[in-house]
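The residues making up each chain are set out below.
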Amino acid sequence: MSTELLPPVAPDVLADAVEQLSARLRKKLDAAIPGCADQASATADGAVEVHFGEDATVTLRPGPSGTVTNAEQAVCTCLLAPRCLHRAAVLGAAPIADGEGDTGGGDDSGTGKAAGSGTASDTGAGPEEAAPTAPAAEVAATVVSPAALTAAQVLAATALWDAAAEALSAGVTAGGAVVQAELLRAAHTARLAGLPRAEAAALRVVRSLRAARERSEGQRLADLTGAFRELLADTALLASGAADTDAAGSARRVYEQGGSLRVYGLCREPVLSATGYGGVTTHLVGSDGAGYTVSDVRPGGLARVKGAGSASVALGGAVLDHAGLARGGLRIVGATVSADGRLGAGRGVSATPMRGVDWSEEPAAALFTRPVQEAMAAVLADGAPEAGGPGRTAPSLLGCDVEVIGAVGDSVVVRVAGEGPLLRLCPAHPHPGLPHAANLRRIAEHPGLALRVLGRPDLDRAATLRSLAVGPVPGASATLRLPDAWKGRADLGYDRLQGEHFPRETAGPADCGPVTAGPDPLAEAPLWRVRRLLETGVAGGRRAVAEAGRGTDAASLCARLTRAELGVAAHLAQALTTEAGRRPRDIFGRLTDPSADAYARAWLASAVHLAAAERSLVAASWSS
């Protein structure tokens, strides 16, 4: 179902429309939504009309922001309006507008992001955030002790927890428009109460639920499972009343005065979000080794991504484009920097281009001289909060020198120089319109090639690096031979490697037999059974988990986990299946405890433990 013509709709507008429906019409809502987008047509005055036969027409008139933000902007001509099925169906088919909160993560929001922040495959995108324009005294943050949450915030978090628990209990199969509307209403209440991070997590769950029900291309059940884990973990912490205001997030990203900076380009990274945003992020390193970024991310698709790679940098009047900045440098006066290294482009910021540095020169060289095990330990400690915790961001960039061994599936197997561990190089973005995958396939054709790689560790896969850029290894004979204009590096998301860029002596098939990717402690552990149980609950709801807990499968699951000395995982999985099947009823067959609270807590406990256990195994894979 294409929704290109339908404007985004504010969550509270959709929630109100669904709430006004009668019980009879709510049962028909899910069947009415799919055909709405195909019937949409634009009018001359900028409105969008959806016709339901000859008797009813729904008209959406978005405001100046392009979003339907109040009920008066969505009208229907039928007699039941505004409590009609037509209006609710059209609003349910439209994309969900982004909230105003800043979650502190995501590859595609804000004016920039730190080299250690940023996707996973599906993290939610937001509109580009305006850079600060206030004087430095107003930009600078005041250091104060975090205050406790208010009673209204705790109540809003509790309501959001209840809605999320019901959505989890329903699963994808029963998580239709009515369940999503309840979650959106609770998310809107959380925003009004000053909980922007929880609201953003709820919007990600609703978008993923929609994509799963529509079977959208690229949607993964694992992404929806992670979104549920994050939402439940956030709201459980907030609803407990033990959290402070830092856990609530902030409605605007705070920029601090950074003074004068000298930053040098490292590489460009394409940003293409499933929620309709595209652009580029240029990663930079400061003279002190700190990571910074400048981004240009706006609504758009693949064409927007390709064009942004050579677009001008909107920072302090700099005349460089992103391609030039990735291989050059900037001297910035009056810089404003967010906590995660995003460079602001506000008033009073001026930037002057200067010569860039090669990867073999400081400060860039420090990224490649640090032992990979030590660098990965720092990534796990500093760049990735606890599993399920609030504000999870993408890990820091990691650089290393490697030797190509060959291809295994969509990955290139390499060995870190100096008898280091085996790593898998995977595309940072799998979209076929981007050259990531094609470049890695060409690299895999040259076993023995010495390569300098810069990428982002994949914390969900064993010893895997999402490669962003490559370059030649200084002093190596069998290494890349890049054009002088590339300044010693190739951005895998924008530059295309050709045969002339490789040395002839490494060309041809490998002579050492089949390539193996090395041990994978994550795949060898029986934790995948727990993951399948959790994903079964997300797909089929509470009833599916209860069914999985009956018979010999549940006993086999616990036995295998216990034999592998994963007793806690076995205990939590057993508790989850038991709670899923606990549906006490009175003598008339009515549920005496219809709440999904206990089930959601059991699911969350197992999910958080699984994420922590997998993270430990991933860490071990980088040192083997």
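Since the structure is predicted, the reported quantities are computational estimates derived from the model, not experimental observations.

Novice: Sorry if this is basic, but what is going on with the sheet that holds strand β3 (residues 56-60) here?
Specialist: The strands that make up a sheet pair up through hydrogen bonds in the backbone, lying either parallel or antiparallel. Taken together, the four strands give an open sheet; going across it, the order is β1-β2-β3-β4, and neighbouring strands pair in antiparallel fashion. Strand pairing shows two members of the sheet lacking a second neighbour, β1 (40-42) and β4 (74-76), which therefore form its edges. Taking each pair of neighbouring strands and ignoring which way they run, the sheet shows an average axis angle of 20°. Pairing analysis gives three bridges linking β3 to β4, with the strands arranged antiparallel. When the sheet's bridge partners are listed, Thr59 is paired in β4 with Val75. Against the sheet, helix α3 (residues 85-93) contacts β2 (48-52), β3 and β4, and its axis sits at roughly 40° relative to β3.

Novice: What is the right way to look at unusual backbone geometry in this model?
Specialist: Most peptide bonds are trans, and most residues other than glycine sit at a negative phi. Put simply, Ala81 and Pro82 share a cis peptide bond, and its omega is 5°. Put simply, Glu362 and Pro363 share a cis peptide bond, and its omega is 5°. Mapped onto the elements of the fold, Pro363 is located in the loop between β9 (350-354) and α11 (366-369). Of note, Lys487 is a non-glycine position whose phi angle comes to about 55°, a positive value. Here Lys487 lies in the loop between β14 (464-471) and β15 (490-491). Look at Lys487 and you get partly exposed, because its relative accessible area is 45%.

Novice: Help me understand the pairing of strand β12 (residues 422-427), please; the structure alone is not making it clear to me.
Specialist: In terms of residue burial, β12 counts as a mostly covered element, since six of its six residues are buried. The sheet contact formed by strand β11 (residues 411-416) and β12 spans four bridges and is antiparallel. Of the residues in β12, the one forming a bridge with Arg415 is Leu422. The antiparallel pairing of β11 with β12 creates a hairpin that spans five residues between the two strands, and Gly418 there sits at a positive phi of about 85°. Inspection of the sheet shows β12 paired to β14 by four bridges, in the parallel sense. When the sheet's bridge partners are listed, Cys426 is paired in β14 with Arg466.

Conventions adopted
Residues numbered from 1 in each chain as written. Predicted model: local features only at pLDDT ≥ 70, side-chain atom pairs only at ≥ 80, totals over all residues. Heavy atoms only, no water. Pairing = 2+ DSSP bridges. Helix = DSSP H or I, 4+ residues; strand = E, 2+ residues; numbered from the N terminus. Axes fitted to C-alpha atoms, helices over the stretch in contact; angles between N-to-C directions. Contact = heavy atoms within 4.5 Å. Buried < 20%, exposed > 50% of the residue type's maximum accessible area, 1.4 Å probe, protein only.

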